[in-house]
2 protein chains.
Amino acid sequence: MNVTIIGGGGFIGQKVARKLAEQGSLRGQPIDSLTLADIAAPAPVDGPFPVETTACDITDRASVDALISADTDVIFHFAAVVSSHAEAEFETGMKVNLDGTLNVLERCRALGTCPVVVFTSSLAIFGGEVPDPITDHTIPNPQTSYGMQKAVGELLLNDYSRRGFVDGRGFRLPTISVRPGKPNRAASSFMSSIIREPLNGQEAICPVDESQEHFYLSPRRCVENLIKGAELDAAALGQQRCMTLPGQRLSIRQMIDALTAVAGPEPAKLIKWEDQPEIATIVRGWRYDYRFDKALALGLVADNGFEENVRFYMEDDLPNA
Amino acid sequence: MNVTIIGGGGFIGQKVARKLAEQGSLRGQPIDSLTLADIAAPAPVDGPFPVETTACDITDRASVDALISADTDVIFHFAAVVSSHAEAEFETGMKVNLDGTLNVLERCRALGTCPVVVFTSSLAIFGGEVPDPITDHTIPNPQTSYGMQKAVGELLLNDYSRRGFVDGRGFRLPTISVRPGKPNRAASSFMSSIIREPLNGQEAICPVDESQEHFYLSPRRCVENLIKGAELDAAALGQQRCMTLPGQRLSIRQMIDALTAVAGPEPAKLIKWEDQPEIATIVRGWRYDYRFDKALALGLVADNGFEENVRFYMEDDLPNA
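These numbers come from a predicted model, not from an experiment. (Residues numbered from 1 in each chain as written. Chains lettered and ligands numbered in written order. Predicted model: local features only at pLDDT ≥ 70, side-chain atom pairs only at ≥ 80, totals over all residues. Heavy atoms only, no water.)

(A) Region of the structure containing the overall build of chain A. The secondary structure content of chain A amounts to 12 helices and 14 strands. Taking 2.2 N^0.38 as the reference for a compact globule, 321 residues should give roughly 20 Å; the C-alpha atoms of chain A span a radius of gyration of 19 Å, in line with that estimate. With the C-alpha coordinates of chain A rotated into their principal frame, the extents come out at 55 × 45 × 35 Å. Each of the 321 residues in chain A was classed as buried or not, and the buried ones make up 57%. At a minimum sequence separation of 6, the contacts of chain A that also span at least 24 residues come to 76%. Positive and negative side-chain charges in chain A, numbering 30 and 42 respectively, have mean positions lying 2 Å apart. (Helix = DSSP H or I, 4+ residues; strand = E, 2+ residues; numbered from the N terminus. Rg over C-alpha atoms; globule rule 2.2 N^0.38 Å. Buried < 20%, exposed > 50% of the residue type's maximum accessible area, 1.4 Å probe, protein only. Contact = heavy atoms within 4.5 Å. Lys, Arg positive; Asp, Glu negative; His and termini not counted. Charge placed at Lys NZ, Arg CZ, Asp CG, Glu CD.)

(B) Fine view of the sheet that holds strand 9 (residues 175-176) of chain A. All names here are of chain A. Across the sheet, 3 strands lie side by side as 9-11-13; this open sheet has mixed pairing. The open sheet has two edge strands with one neighbour each: strand 9 and strand 13 (248-251). Note: strand 9 against strand 11 (residues 213-217), 2 bridges, orientation parallel. Within strand 11, the position partnered with Ile-176 by the bridge is Leu-217. (Pairing = 2+ DSSP bridges.)

(C) The interface of chain B and chain A, seen in detail. The interface of chain B with chain A comprises 40 residues on the first partner and 40 residues on the second. When chain B packs against chain A, close to 3,300 Å² is buried across both sides, 54% of that on carbon and sulfur atoms. Three residues, Glu-129, Ile-139 and Leu-155 of chain B, lead the burial of chain B against chain A; their summed loss comes to 20% of the area buried on that side. The tally of links between chain B and chain A comes to 8 salt bridges. Salt-bridge contacts for Glu-129 of chain B lead to Lys-294 of chain A; the nearest nitrogen and oxygen are separated by 2.8 Å. At the junction of chain B with chain A, the criterion picks out 30 residue pairs in polar contact (both at pLDDT 80 or more). At the level of elements, helix 3 (83-88), helix 4 (90-111) and helix 5 (145-162) of chain B are the ones that each hand at least two residues to the side of chain B that touches chain A. (Buried area = accessible area lost by both parts, 1.4 Å probe. Salt bridge = Lys/Arg side-chain N within 4 Å of Asp/Glu carboxyl O. Polar contact = N/O pair within 3.5 Å; in protein donor to acceptor, adjacent residues only side chain to side chain.)

(D) The arrangement of the relation of the copies chain B and chain A in detail. For the match of chain B to chain A, the screw axis carries a shift of 0.0 Å, the RMSD comes to 0.0 Å, and the turn is 180°. The symmetry that links the two subunits is that of a two-fold axis. When C-alpha distances to the rotation axis are compared across chain B, the minimum falls at Ile-139 of chain B, with a value of 1.8 Å. (Least-squares fit on C-alpha atoms with pLDDT ≥ 70 in both.)

(E) Representation of empty space enclosed by the protein in the model. One pass over the structure, following the stated rule, counts 2 cavities of 30 Å³ or more. Taken as a whole, the largest cavity encloses approximately 130 Å³ of empty space. The wall of the largest cavity is formed by 15 residues, among which Ile-139, Pro-140 and Leu-155 of chain A together with Pro-140 and Leu-155 of chain B lie closest to the centre. When contributions to the lining of the largest cavity are tallied by element, the ones reaching two or more residues are helix 5 (145-162) of chain A together with helix 5 of chain B. Of the residues assigned to the lining of the largest cavity, the class counts are 9 nonpolar, 4 polar and 2 charged. When residues of the lining of the second largest cavity are traced back to their parent elements, those giving at least two are helix 7 (219-231) and helix 12 (306-316) of chain A. The biggest single contributor to the lining of the second largest cavity is helix 12 of chain A, with 4 residues. Taken together, the residues of the lining of the second largest cavity sort by class into 4 nonpolar, 2 polar and 4 charged. (1 Å grid on protein atoms, 1.4 Å probe; cavity = no way out; pocket = protein on both sides within 12 Å on 5 of 7 lines; lining within 4 Å. Points joined across faces, edges and corners; volume = space filled by probe spheres on them. Nonpolar A, V, L, I, M, F, W, Y, C, P; charged D, E, K, R; others polar.)

(F) Structural view of unusual backbone geometry. The omega angle of the peptide bond from Asp-132 of chain B to Pro-133 of chain B is -5°, so this bond is cis rather than trans. Put simply, Ser-177 of chain B and Val-178 of chain B share a cis peptide bond, and its omega is 10°. Phi at Arg-27 of chain A is positive, roughly 55°, even though this residue is not glycine. Mapped onto the secondary structure, Arg-27 of chain A falls in the loop between strand 2 (25-26) and strand 3 (29-30). The partly exposed category is assigned to Arg-27 of chain A, whose relative accessible area is 32%.

(G) Seen up close, helix 1 (residues 11-23) of chain B. Residue and element names in this part refer to chain B. Between its first and last C-alpha atoms helix 1 spans 18 Å; for 13 residues at 1.5 Å apiece the expected length is 18 Å, and the two agree. Along helix 1, the positions that sit buried rather than exposed are Phe-11, Ile-12, Gly-13, Gln-14, Lys-15, Val-16, Ala-17, Leu-20 and Ala-21. Immediately beyond the C-terminal end of helix 1, within one or two residues, lies Gly-24, with a positive phi of roughly 75°. (Expected span 1.5 Å × (residues − 1).)

If you want it as structure tokens, here you go:
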């Protein structure tokens, strides 16, 4: 069992790698090798099997061809430029998110080995003119180029799977919280910051009203779902290989109450409320009423209350913060 | 007003060209020129304005660049390889239906002139794991590569429109009947043959049960809808530029009754019933319960009973048959 993670330098890629190292097997077979690829060679992880790290430019077909071989059994394809980047630089988004995904799929087709491909899609495929709730049967009407490119990726993954070129599985990630690391420029950044920074004894700014709702999943459950996703029986996936991962619809107030329940009253005092109309406007435009029946039926899971998300951060990431 | 029809040699392209020649104007402005492009230079049409015919290979970006100029105001993009062809030759389908559409959109983006682009999509984008009825809010889960490529085209058209690169409009065509010309190898071919051939005094074979339902639109209304589609105000289209064209859900029996009502009892006697399990299996797998609320709200129309479809064929195409 040879596994390759494209986007292996990102925080989800790194966590999947560490989880695979911990369990040592995948799809019922021992892992013989793990390759972590990213635009720059990622940090290695310690494992009971050889771990190779390598640079791969997925916009370059030759680079992808060198990465994926006939021995590759499972590919986690997480590489993408994010929403704000793909919106600011249209051509970069098309090259990485669309051509890059096509390069991965075309390499697999050329090999003829039908590897398992786990693709991370996004709730950004949804939006626009569709009614709530947003289900696995709702048409993607993305309002960002990133969302369009992910929606195209889903269609490609499905058709390449139908034709037997890959054994694909696509999962639309909820907003991941509590995300480790530093705040970034994403409009959703505060959705981790308001929990993470107080747990690290630092102030954080909440730019929206406490009643604002959104749709969340912890990194730990996300990683478990992606690995479980790789292990699902192809027949169980049916004609639609892509689905929304389970998540929890929560208000900011519910998240902060969970923080207090787990960590006591002090951290929440470090949250400063500051109107940031630009961010509030973006976030209010996001949808949060999602259904995820297919993933549930396949045994994928959400967190059980946001207190879990807080605890998972304290157990998995706070020691390294 | 300079108009270009890509796929101008096809029967819909030719009919749109003749209709434009008849009305002489589009979007409230006189037409100054019409260019008909196809893989081989199409038959010209007579018009009150200059009509140019030219060969264009949409898989070749330079060929597309030569076709579309800064003076091009409206592009009808009908070029595609059909379902059975794209299924038999995966690479050809990807090149023509996906890369070809991207070449058209990328040429427009490079020009920066935001032309109107009318794109013909297909109900083949639908299928798989979705419940009936299939509405404008139903996720595409295509079961052919052709359907996948058309669904990708819709996503691209929407995003290129959202970003102001084109002013796109996409229309999913019902099965067109009564289609002029000869039978072809499409599984749906009999859906025109059983009406057309008897009107021409020839036998036709019906390979499915008379209770089989499907979803139909006449060529005349299709062409009117596509031209109306080009004339719609961009603001009225909202965030979703693609929609299912209105059609009628009819059984084979209803179609034959309409044939008899219009043309008397003799033609229907030329229909031979012959079990063709291969075709029947394909056709039974097709969906026919469609909604088309968005197109109706925008003033696009279905035929008013299949008797219209029969009459339109007799008026528009039988004289040339």
